[in-house]
Amino acid sequence: MTTHESSQAIPNGSALAAFTAAGIGAFAMGLISLLDAAGVFAVPALYDPAGGVTGRTTLAVLIWLIAWWILHARWRNRDLEAGRMHTIAILLAVGGIVLALPPVWSLFG
Amino acid sequence: MSHYDLLFSSRSIWTMLHGIFFGGGSLLGVAAALFALIALRAAPPGDAAAAQSRLIAWLLIGTTLLVWAAVIVGTYVTFPPYRATPPEGVIDLSAYPRSLIRSDPRSAWLHSFAMESKEHIPWIAAMLVTGVSFVATRYRARLLTDDRLRRIAVSLLALAFVLIAGVSFLGVLINKVAPLE
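Residues numbered from 1 in each chain as written. Chains lettered and ligands numbered in written order. Predicted model: local features only at pLDDT ≥ 70, side-chain atom pairs only at ≥ 80, totals over all residues.

Participant: A description of the overall build of chain A should follow, citing residues and the corresponding values.
Facilitator: Tallying secondary structure elements over chain A gives five helices and zero strands in all. The N-to-C order of helical and strand elements in chain A reads α-α-α-α-α. Over its C-alpha trace chain A gives a radius of gyration of 17 Å, far above what one expects of a compact globule, namely 13 Å for 109 residues. Overall size of chain A, expressed as C-alpha extent along the three principal axes, is 55 × 30 × 20 Å. By the burial criterion, 39% of the 109 residues in chain A qualify as buried. A separation threshold of at least 6 residues defines the contact pool for chain A, and within that pool the share at least 24 residues apart is 79%. (Helix = DSSP H or I, 4+ residues; strand = E, 2+ residues; numbered from the N terminus. Rg over C-alpha atoms; globule rule 2.2 N^0.38 Å. Buried ≥ 20, exposed ≤ 12 C-beta atoms within 10 Å, placed from the backbone. Contact = placed C-beta atoms within 7 Å.)

Here it is as structure tokens:
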């Protein structure tokens, strides 16, 4: 079997898991930064000279990797409807970006 | 301090590595991958598509490494000296960029908006590029021939490109007003 044929045979689930998990990680990053700015949830710093950003970003990366691992395990052998996942991944990513913008924090702080 | 010391102090070298090599390299890599995914979408299945998709996968792996290097160096190496608190009584704030920026109401936004955005948004770009890089590596030629997957990859890379370009521009502005020397 050639490389081309083998890649065609893989179900699209693991690709959609990677895309959706990236959206979840992005949204987590935005939400964590918003909650910190609003004083609702402060993640402790992992490296004091750099401050709280080290804790916030590490937590977001952990959420992203765990979400990716779970989705990959559940979807890797499945073919899923890609259009819907496209919308979900983009909405999550854009939502995360918006929540990570300081002018948005002032609406909640 | 001589010009040589200003250019090649460890702080300025790390800032240049972060902004120009890692950040600039990420921007070039994402732009090249975006172009390839759009330009090669009609690639007919076969050896040529396999070779093209292999190059795209390697390009994205390299770009992913550059983006992560940029965010990790930015957060753990160049950010600490930026946010260092000046000792009591210090008048010359040039060695303390955050305090220097906040001391003038005209430049305070460079911290409250620009740097605060730069703390988190590059990490989002890194996750998006990594997701696309994984798919390019695992799916190879199918990323070019499967229109649905290719569209999602292009969307996420385009988003990452805008984010990296935006935070890079903000970084240039911060470094013009309060460079890490």
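Continuing now.
Participant: Outline the overall build of chain B, supporting the account with residue identities and numerical values.
Facilitator: For chain B, the helix and strand inventory stands at seven helices and zero strands. The helix and strand sequence of chain B, counted from the amino end, reads α-α-α-α-α-α-α. C-alpha extents for chain B along the principal axes are approximately 70 × 30 × 20 Å. In chain B, which comprises 181 residues, the proportion classed as buried is 44%.

Participant: How would you explain the environment of A100 of chain A if you had to name every residue and give the values?
Facilitator: Position of A100 of chain A among the secondary structure elements: in the loop between α4 (82–99) and α5 (102–108). Note on A100 of chain A: 28 C-beta atoms within 10 Å, which makes it buried. Between the C-alpha atom of A100 of chain A and that of R78 of chain A, which follows or precedes it by 22 residues, the distance is 33 Å. Once residues within four sequence positions are removed from consideration, A100 of chain A is found in contact with M29, G30 and S33 of chain A together with S117, H120, I121 and I124 of chain B.

Participant: How would you sum up the nonpolar core? Please name residues and give values.
Facilitator: It is characteristic of soluble globular proteins that their nonpolar side chains tend to be buried jointly. Of all hydrophobic cores here, the largest spans 67 residues; its most connected members are I124, L128, L156 and A160 of chain B. Those elements giving two or more residues to this core turn out to be α2 (13–37), α3 (53–75) and α4 of chain A together with α2 (10–39), α3 (47–83), α5 (109–139), α6 (142–145) and α7 (147–177) of chain B. The biggest single contributor to this core is α2 of chain A, with 14 residues. Apart from the residues lying within four places of it in its own chain, the contact partners of L156 of chain B are F19, A22, A89 and A93 of chain A together with L128, G131 and V132 of chain B. Counting residues in each nonpolar core, the second largest holds eight residues, with L100, L110, A114 and A178 of chain B among its members. (Core = buried A, V, L, I, M, F, W, Y, C linked by C-beta atoms within 7 Å.)

Participant: Tell me about the interface of chain B and chain A, residues and numbers included.
Facilitator: Listed as interface residues are 37 residues of chain B and, on the opposing side, 37 residues of chain A. Only α3, α5 and α7 of chain B provide two or more residues apiece to the side of chain B that touches chain A. When residues of the side of chain B that touches chain A are assigned to their parent elements, the largest contribution, 17 residues, is made by α5 of chain B. Taken together, the residues of the side of chain B that touches chain A break down into 21 nonpolar, eight polar and eight charged. (Nonpolar A, V, L, I, M, F, W, Y, C, P; charged D, E, K, R; others polar.)

Participant: An account of α3 of chain A is requested, with residue identities and associated values reported.
Facilitator: With 23 residues, α3 of chain A should reach 33 Å at 1.5 Å per residue; the first-to-last C-alpha distance of 32 Å fits that figure. The set of residues buried in α3 of chain A consists of V53, T54, R56, T57, A60, W64, W68, L71 and W75 of chain A. At its buried positions, α3 of chain A is contacted by α2 of chain A together with α3 and α5 of chain B. (Expected span 1.5 Å × (residues − 1).)

Participant: How would you summarise unusual backbone geometry if you had to cite specific residues and measurements?
Facilitator: Residue and element names in this part refer to chain B. The phi torsion at R140 lies on the positive side, around 45 degrees, for a residue other than glycine. The residue R140 is located in the loop between α5 and α6 in this model. The exposure class assigned to R140 is buried, which follows from the 24 C-beta atoms found within 10 Å.

Participant: So what's going on with the packing of α2 of chain B against α3 of chain B? Which residues, and what values?
Facilitator: Residue and element names in this part refer to chain B. Across the interface, α2 lies against α3 with an axial gap of 8 Å and an inter-helix angle of 150 degrees. With respect to their mutual orientation, α2 and α3 come out roughly antiparallel. Both α2 and α3 take part in a crossing whose hand is left-handed. Residues belonging to the contact of α2 with α3 are distributed by class as follows: 18 nonpolar, 10 polar and one charged. (Axes fitted to C-alpha atoms, helices over the stretch in contact; angles between N-to-C directions. Parallel < 35°, antiparallel > 145°, perpendicular 65-115°, else oblique. Left-handed = near helix turned anticlockwise from the far one by under 90°.)

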